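# Topology and contacts: notes
One letter stands for each residue in the lines below.
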Number of protein chains: 2
Amino acid sequence: MEKKVEQVIKKFTESVVNVLGTMAMTEAKPSKAYVKKDNKAKGDISGVIGFSSPSGKSKGTMSVTFTQQSVLGIINSMLGEELKEITDEVADAVGELTNMICGQARKGLAELGMTYEGAIPSVITGQNHSIRHVSSAAILAIPFDTPFGPIIVEVCFS
Amino acid sequence: MEKKVEQVIKKFTESVVNVLGTMAMTEAKPSKAYVKKDNKAKGDISGVIGFSSPSGKSKGTMSVTFTQQSVLGIINSMLGEELKEITDEVADAVGELTNMICGQARKGLAELGMTYEGAIPSVITGQNHSIRHVSSAAILAIPFDTPFGPIIVEVCFS
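Note that the structure is a prediction, hence the values are computed from the model and not measured.

A word on the pattern of salt bridges. Following the criterion strictly, the structure yields 8 salt bridges over all chains and no others. The partner of Asp88 of chain A in a salt bridge is Arg132 of chain B, and the shortest N-O contact between them spans 3.5 Å. With Asp88 of chain A in helix H3 (residues 88-111) and Arg132 of chain B in strand S6 (residues 122-133), the pair connects residues from two separate chains. For Asp88 of chain A, a relative accessible area of 29% translates into the label partly exposed. The class of Arg132 of chain B is buried, set by a relative accessible area of 8%. Here Arg132 of chain A ties to Asp92 of chain B by a salt bridge, and the two come within 2.9 Å at their closest N and O atoms. Taken together, the residues span two chains, with Arg132 of chain A in strand S6 (residues 122-133) and Asp92 of chain B in helix H3 (residues 88-111). Here the salt bridges share partners, and the residues they tie into one network are Asp88 and Asp92 of chain A together with Arg132 of chain B.

Shown next as structure tokens:
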């Protein structure tokens, strides 16, 4: 894997670990990231957020996909609640986490000379949905394990 | 409704009508757009794409949500195929349409003095999923009717 790709993965990985640790008191353990040309993440709720460079020459998208079990564990820990199902409150919290993970990762990318502005996060709820980023560029997938179950972060650039 | 909001709705509406007309030979008839603070579109496949101003001060997201029936009609017309279910090919075509609708709408917004760069589109597939844009700003919803069934376009800015 190229050095630049490794650095990008590191920035996103650090951001996920930091944001989940500080906001949701949840330890996220990253597994080995992989690059796929044709990838689809599957889960029960996903946050997605786009970003683009000020010139518009470079753009990207990041998604964070949870299972019902992992999202309820993480969001209940974050909000101090005992929610039993995916409510609008859970979706909004996923949007906030997505925004924060992307924001912190973008700060890290800026240190590598890659400047991006973020868009507004959207949250998709639907049992066993799949999410697919439509780009000819490679998609970076970073799986994490938490005490509540898996999450998967995907990032793509063009 | 404010004049500016009406102008923005007009740009997105024109873009949907043009892109579906030229790319998929499909007539899309807009219904009255509405503004909701707390909105969720429901469908079987959605394309979503973020955008942000070069300064990062303004940002937004657009989604296009289809039912299984409306997407198959539109994409089969676009590709000259007779696909019976939502495949990766359908998802990629939805990503392309989403990108084109957003791109043409952004050109229209630039005429209003609002310049945005677009991100990479993501496509979510999942029966009866819902999509929610996480922003304190209002969400503009524009429903369309096509010969194949309904589609709904949502736009939000901050």
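Moving on, there is more to tell.
Let's shift gears to the interface of chain B and chain A. The partner chain A presents 37 residues to the 37 residues of chain B that form the contact. For the pairing of chain B and chain A, the buried interface totals around 2,800 Å² over both sides, and the portion due to carbon and sulfur atoms is 51%. Taken together, the links from chain B to chain A amount to 4 salt bridges. If you look at where chain B meets chain A, you find 16 residue pairs in polar contact (both at pLDDT 80 or more).

On to unusual backbone geometry, then. Look at Asn128 of chain A: it is not a glycine, yet its phi comes out positive at around 55°. Structurally, Asn128 of chain A can be placed in strand S6.

The next point concerns the relation of the copies chain B and chain A. Between chain B and chain A, the superposition needs a rotation of 180° and an axial shift of 0.0 Å, giving an RMSD of 0.0 Å. The transformation just described matches what one would write down for a two-fold rotation axis. Minimal C-alpha distance to the rotation axis in chain B is attained by Pro54 of chain B, lying at 2.0 Å. Looking at chain B, 100% of its interface residues are interface residues in chain A too, so the copies touch through the same face.

Residue and element names in this part refer to chain B. Of all 12 residues in strand S3 (residues 41-52), 11 are buried, a share of seventy percent or more. Pairing of S3 with S6 involves 7 bridges; the strand directions are antiparallel. Residue pairing across strands places Ser46 opposite Ile124, the latter belonging to S6. Linking S3 back to strand S4 (residues 59-66) in an antiparallel pair, the connection comprises 6 residues, with Gly56 at a positive phi of about 80°. In the sheet, S3 pairs with strand S5 (residues 117-118) via 2 bridges, with the strands oriented antiparallel. Bridging from a neighbouring strand, Ser52 pairs with Glu117 of S5.

In the structure shown here, the tally under the stated rule is 6 aromatic pairs over all chains. With 5.6 Å between their ring centres and 65° between their planes, Phe51 of chain B and Phe157 of chain B make a pair best called edge-to-face. Placement of the pair is Phe51 of chain B in strand S3 and Phe157 of chain B in strand S8 (residues 149-157), with a sequence separation of 106 residues. An identical accessibility class is assigned to Phe51 of chain B and Phe157 of chain B; each is buried. Arranged with centres 5.7 Å apart and planes meeting at 50°, the rings of Tyr116 of chain B and Phe157 of chain B form a pair that is tilted. Taken together, the residues Tyr116 of chain B in the loop between H3 and S5 and Phe157 of chain B in strand S8 connect sequence positions 41 residues apart. The class of Tyr116 of chain B is buried, set by a relative accessible area of 7%. With a relative accessible area of 16%, Phe157 of chain B lands in the buried category. Here the aromatic residues Phe51, Tyr116 and Phe157 of chain A are joined through ring pairs into a cluster of three or more.

Quick look at the pairing of strand S7 (residues 139-146) of chain B now. Residue and element names in this part refer to chain B. Across the 8 residues that make up S7, a large majority, 7, are buried. As judged from the 2 bridges shared by strand S1 (residues 29-30) and S7, these two strands associate in the antiparallel manner. Bridge pairing in S7 links Lys29 to Asp145. For strand S2 (residues 34-36) and S7, the ladder comprises 3 bridges, and the chain directions are antiparallel. What sits directly across from Val35, in S7, is Leu140. Strand direction decides the pairing type here: S7 and S8, joined by 8 bridges, are antiparallel. Within S8, the residue paired with Ala141 across the bridge is Glu154. Connecting S7 to the antiparallel partner S8 that follows it, the hairpin turn spans 2 residues.

The rules behind these values
Residues numbered from 1 in each chain as written. Chains lettered and ligands numbered in written order. Predicted model: local features only at pLDDT ≥ 70, side-chain atom pairs only at ≥ 80, totals over all residues. Heavy atoms only, no water. Salt bridge = Lys/Arg side-chain N within 4 Å of Asp/Glu carboxyl O. Helix = DSSP H or I, 4+ residues; strand = E, 2+ residues; numbered from the N terminus. Buried < 20%, exposed > 50% of the residue type's maximum accessible area, 1.4 Å probe, protein only. Contact = heavy atoms within 4.5 Å. Buried area = accessible area lost by both parts, 1.4 Å probe. Polar contact = N/O pair within 3.5 Å; in protein donor to acceptor, adjacent residues only side chain to side chain. Least-squares fit on C-alpha atoms with pLDDT ≥ 70 in both. Pairing = 2+ DSSP bridges. Phe/Tyr/Trp six-rings, centres within 6.5 Å; stacked < 30°, edge-to-face > 60°.

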